[in-house]
Each structure stands twice: as structure tokens, then as C-alpha cells.
Amino acid sequence: LGAGLVSNLARPGGNASGQSIMGGELSTKLLEFLTELVPGTKKVAMLGQANNRSIAAVFRTAHDAAASRGISLRLLEATQPNEVDSAFQTMMRENFDGFIVVTAPVVLRHRRQIVDLAARYRLPGIYARDAYVAIGGLLSYAPDRLAIYRAAAEQVQVVLEGAKPGDVPVQQPTKFRLTLNLKRAKALGLTVPRSVLLLADKVIE
């Protein structure tokens, strides 16, 4: 909706439909988890791509949510290795409390570099893909992608059977998974609240 790809979720119109990962709402939730793990958080970065309409829309939602909590949120480019390096240098130079990474394939491909730099500079990072936590990231909160892929296949079948894409409702995820890397939390000197532990679907120790 924020990127203007559809007119509404129930009747998208035009020639597009599909699955929403609820990027705006998800970014707000990532921000909440960061503030739970790092009390007193005041300055946060979002790693992404400014000229990507979807990411820009997600950033606007997250920015408003951050502002309501008295938190400064800045979008830093992270689509190339040199941009990732620059983003971390900026975060260190300007004393950021942590960062979040929304779902973006152009950023995901640099996940190893991002996770390694986060460990080197001892910066807490919260991610919208569990692929980051699997290689040492701190915490991820993301829709169940297997369920999304299955639902997308069902939508494709409906279109192949003659439905117009614009008449097929955009579906939103109903199941989310929280993955927590306790080893990384301990390395960062963070105390994980019991509320977060109870929500975790998978804990890496």
C-alpha cells in the first residue's frame, strides 16, 4: 500500500496481488525488540535502500513509531559492501545504540558482512530474516516463509484458473517466528528479558 503497488488489500485492482510481509508493522516490532534488549535506546539505524519504494514506505512507518517513543531513526544505505562498511562507521562515529534490518534482498546478500561487523563493533542488531541469526546475529522476528510460499502458490493457481490478479485479495501472514541467539546476547553483555525468552520459537545457545 505504501509503495502504491495496490489500491487496497481486499481488492488490489490493476494487475497485481500476492503476499504481504507487513513490512511497516514488522519494522515497528523489530524496533520494540531492540528497546527491550537495550533499555534506554535513543539512536537507531535502519539498514536498507533509500530509492526502493517499498523500503522507503517501511522506513516512514518505523520512523513515526520511533519518534513516538523519543527515538531517532535514520536510514543508512547497505546495498553494496562499501555501503555496509560506511553504515557501521557512521553508527560507531555517531554513537548509535543499535540497528534493525528489514526484509530486503539487496541487503540480505550482505548478511555475513553485516553480522561480522555487528560482532566486531559490539552493536546489537535486530533482523527481519532468521538467516542473519543462523550465522551469528542477535535476534530475528519474521513471518513464517514456508506458509507464505504455500499461500502464494495457491494464489497463482487461482489466477491460472481464470481470476484477475486485481480481484485476488493480498494476504497477510498470520504466523511469525522469533529466533534468538543467546550466545550473541551474552557476548554483547545483554540481559534478555524473560518476556522475550518466552516468545522465542528457537533459541541458539
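Attention here is on the structure that accompanies the text. Predicted model, so just to flag it, every value in this text is computed and none were measured.

### Things to note about unusual backbone geometry
(1) Moving on: Located in the positive-phi region is Asn-95, a residue other than glycine, with phi close to 55°.
(2) Moving on: Take Asn-95: it is sitting in the loop between α3 (81-93) and β3 (98-101).
(3) Moving on: With relative accessibility at 60%, the residue Asn-95 sits in the exposed group.
(4) Moving on: Although it is not a glycine, Arg-122 sits at a positive phi angle of roughly 55°.
(5) Moving on: For Arg-122, the position within the fold is in the loop between α5 (111-121) and β4 (125-127).

### Some points on the sheet that holds strand β2 (residues 72-77)
Pairing between the strands of a sheet comes from backbone hydrogen bonds, and it takes one of two forms, parallel or antiparallel.
(1) Moving on: Taken together, seven strands build an open sheet; the order of strands is β2-β1-β3-β4-β5-β6-β7 and the sheet is mixed. Each end of this open sheet is capped by a strand with a single partner; those strands are β2 and β7 (202-204). Within the sheet, the average angular offset between the axes of one strand and its neighbour, ignoring direction, is 20°.
(2) Moving on: Sheet topology places β4 next to strand β5 (residues 139-143); two bridges connect them, and they run parallel. If you follow Ile-126 over to β5, its bridge partner there is Leu-139.

### What about helix α2 (residues 53-68)?
(1) Moving on: If you check α2, its first and last C-alpha atoms are 23 Å apart, about what 16 residues at 1.5 Å a residue would give, namely 22 Å.
(2) Moving on: With a side-chain oxygen lying 3.0 Å from the backbone nitrogen of Ser-54, the N-terminal cap of α2 falls on Asn-52.
(3) Moving on: Of the residues one or two after α2, Gly-70 is the one with positive phi, at around 75°.

### Observations concerning the packing of α3 against α5
(1) Moving on: The geometry of α3 relative to α5 is characterised by a closest axis approach of 10 Å and an angle of 25° between their N-to-C directions. Here α3 lies roughly parallel to α5, going by the angle between them. Classified by chirality, the crossing of α5 by α3 is right-handed. Each of Pro-81, Val-84, Asp-85, Phe-88 and Met-92 in α3 lies in contact with α5, whose residues at this interface are Gln-113, Ile-114, Leu-117, Ala-118 and Tyr-121.

### Describing the side chain of Thr-179
(1) Moving on: Here Thr-179 is to be found in strand β6 (residues 176-181).
(2) Moving on: What makes Thr-179 buried here is its relative accessible area of 5%.
(3) Moving on: Apart from residues lying up to four places away in sequence, Thr-179 is in contact with Asp-130, Val-133, Leu-138, Leu-139, Ser-140, Lys-202 and Ile-204.

### A short note on the nonpolar core
(1) Moving on: Ranked by internal contacts, the top residues of the largest apolar core, which has 55 residues, are Leu-47, Phe-88 and Phe-99.
(2) Moving on: Here this core gets six residues from one element, more than from any other, and that element is helix α1 (residues 23-37).

### Observations regarding α3
(1) Moving on: If you check α3, its first and last C-alpha atoms are 18 Å apart, about what 13 residues at 1.5 Å a residue would give, namely 18 Å.
(2) Moving on: Listed in full, the buried residues belonging to α3 are Val-84, Ala-87, Phe-88, Thr-90 and Met-91. When α3 is viewed along its axis, its buried side chains cluster within an angular range of 155° and face the same direction. Exposed side of α3, more than 90 degrees from the buried face: Asn-82 and Arg-93 are the residues found there.
(3) Moving on: Packed against the buried residues of α3 are β1 (43-48), β2, β3 and α5.
(4) Moving on: The positive-phi residue at the C-terminal boundary of α3 is Asn-95, with phi of around 55°.

### Description of the pairing of β3
Regular strands have side chains that alternate between both faces of the sheet.
(1) Moving on: Side-chain alternation along β3 places Gly-98 and Ile-100 on one buried face and Phe-99 and Val-101 on a second face that is also buried.
(2) Moving on: Across three bridges, the pairing between β3 and β4 is parallel. Paired with Val-101 across the bridge in β4 is Tyr-127.

### A short note on the packing of aromatic side chains
(1) Moving on: One pass over the structure, following the stated rule, counts six aromatic pairs.
(2) Moving on: For the pair Phe-33 and Tyr-141, a centre-to-centre distance of 5.2 Å together with 55° between the ring planes defines the contact as tilted. Of this pair, Phe-33 sits in helix α1 while Tyr-141 sits in strand β5; the two residues are 108 residues apart in sequence, bridging distant segments of the chain. For the pair Phe-33 and Tyr-141, one class covers both residues: buried.

Cut-offs used in this document
Residues numbered from 1 in each chain as written. Predicted model: local features only at pLDDT ≥ 70, side-chain atom pairs only at ≥ 80, totals over all residues. Heavy atoms only, no water. Helix = DSSP H or I, 4+ residues; strand = E, 2+ residues; numbered from the N terminus. Buried < 20%, exposed > 50% of the residue type's maximum accessible area, 1.4 Å probe, protein only. Pairing = 2+ DSSP bridges. Axes fitted to C-alpha atoms, helices over the stretch in contact; angles between N-to-C directions. Expected span 1.5 Å × (residues − 1). Polar contact = N/O pair within 3.5 Å; in protein donor to acceptor, adjacent residues only side chain to side chain. Parallel < 35°, antiparallel > 145°, perpendicular 65-115°, else oblique. Left-handed = near helix turned anticlockwise from the far one by under 90°. Contact = heavy atoms within 4.5 Å. Core = buried A, V, L, I, M, F, W, Y, C linked by side-chain atoms within 4.5 Å. Arc of directions from axis to C-beta. Phe/Tyr/Trp six-rings, centres within 6.5 Å; stacked < 30°, edge-to-face > 60°.

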